[in-house]
Amino acid sequence: MSQQEMGIREELLKRFIESGERERLQEILRSKLYVSGWQDRVKDKCQKVVHESGEGVEKLTVDSIAEAVTPFARAAVSEDIKAEILEDIRAFIFRTLPKTDS
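The shown structure was predicted, so the numbers you read here are calculated from the model rather than taken from an experiment.

When you look at the nonpolar core in this model, what are you seeing that I'm missing?
Grouped burial of nonpolar side chains is what soluble globular proteins tend to show. Of all hydrophobic cores here, the largest spans 12 residues; its members are Leu33, Trp38, Val42, Val49, Leu60, Ile65, Val69, Ala73, Ala76, Val77, Ile81 and Ile85. Mapped onto this core, the elements with two or more residues apiece are α3 (38–52), α4 (62–75) and α5 (79–96). Once residues within four sequence positions are removed from consideration, leucine 33 is found in contact with Trp38, Gln39, Val77 and Ile81.

Put into structure tokens, the structure is as follows:
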């Protein structure tokens, strides 16, 4: 990635955060995940990991549980939710990027 591209990326991220768009999209995502039952499925998976752990509960860490559950959690997000959030991010980028005469 070129220096110019890195600069644009950093500026977009700064605007994404400062505009409140990131927080707005995070809240939309949280709501959609809750409505879809995703949180309950991830919670159940965490409980399963804890119960099936051969190490014993005393030796488990939050990091080890997160490492075991993260691939499942990511895969459990519906394609519709992913597509909607991605479209919102794209729309923000197109609104934010300077217009060029090319």
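Alright, that's what it looks like, and here's the rest.
Would you mind showing me how to read the packing of aromatic side chains here?
Here the distance between the centres and the angle between the planes together describe a pair of aromatic rings. On inspection of all chains with the given rule, the structure shows 1 aromatic pair. Here lysine 45 stacks its cationic end above the ring of phenylalanine 72, 5.5 Å away from the centre of that ring.

Is there a simple way to explain the packing of helix α2 (residues 21–36) against α3 in this structure?
Helix-helix packing is characterised by the crossing angle of the two axes and by the distance between the axes. As a packed pair, α2 and α3 sit with axes 5 Å apart at the nearest point and diverge in direction by 70°. When the interaxial angle is binned, α2 and α3 end up roughly perpendicular. Here α2 contributes Leu33, Tyr34 and Ser36 to the contact with α3, which in turn contributes Trp38, Gln39 and Arg41. Classifying every residue of the contact of α2 with α3 by side-chain character gives 3 nonpolar, 2 polar and 1 charged.

Please explain the environment of lysine 82 as it appears in this structure.
Positionally, lysine 82 belongs in helix α5. Take lysine 82: its relative accessible area is 35%, and that puts it in the partly exposed class. Considered as a pair, lysine 82 and leucine 29 are 53 residues apart in the sequence and their alpha carbons are 8.9 Å apart.

Hey, could you run me through the confidence of the model for the chain in this one?
Parts of the prediction with low pLDDT should not have their coordinates interpreted in detail. For the chain, the mean per-residue pLDDT works out to 91, and 95% of the residues sit at or above 70. Mean pLDDT across the secondary structure elements of the chain bottoms out at helix α1 (residues 3–18), with 91, and peaks at α2, with 97.

When you look at the pattern of salt bridges in this model, what are you seeing that I'm missing?
Any two side chains of opposite charge can pair if their charged atoms end up close together. Throughout the structure, instances matching the rule amount to 7 salt bridges. Close ionic contact of lysine 32 with glutamate 84 constitutes a salt bridge, the shortest N to O distance being 3.3 Å. Placement of the pair is lysine 32 in helix α2 and glutamate 84 in helix α5, with a sequence separation of 52 residues. Classification of lysine 32 by relative accessible area gives partly exposed; the value is 27%. Under the relative-accessibility criterion, glutamate 84 is labelled partly exposed at 36%. Ionic pairing is found between glutamate 79 and lysine 82, a salt bridge with its closest N-O pair at 3.4 Å. In this pair, glutamate 79 and lysine 82 are both assigned in helix α5, 3 residues apart and thus about one turn of the helix distant. For glutamate 79, a relative accessible area of 58% puts it in the exposed group. Residues participating in the shared-partner salt-bridge network are Glu21, Arg24 and Arg95.

Procedures and definitions
- Residues numbered from 1 in each chain as written.
- Predicted model: local features only at pLDDT ≥ 70, side-chain atom pairs only at ≥ 80, totals over all residues.
- Heavy atoms only, no water.
- Core = buried A, V, L, I, M, F, W, Y, C linked by side-chain atoms within 4.5 Å.
- Buried < 20%, exposed > 50% of the residue type's maximum accessible area, 1.4 Å probe, protein only.
- Helix = DSSP H or I, 4+ residues; strand = E, 2+ residues; numbered from the N terminus.
- Contact = heavy atoms within 4.5 Å.
- Phe/Tyr/Trp six-rings, centres within 6.5 Å; stacked < 30°, edge-to-face > 60°.
- Lys NZ or Arg CZ within 6 Å of the ring centre and 35° of its normal.
- Axes fitted to C-alpha atoms, helices over the stretch in contact; angles between N-to-C directions.
- Parallel < 35°, antiparallel > 145°, perpendicular 65-115°, else oblique.
- Nonpolar A, V, L, I, M, F, W, Y, C, P; charged D, E, K, R; others polar.
- pLDDT = per-residue confidence, 0-100.
- Salt bridge = Lys/Arg side-chain N within 4 Å of Asp/Glu carboxyl O.

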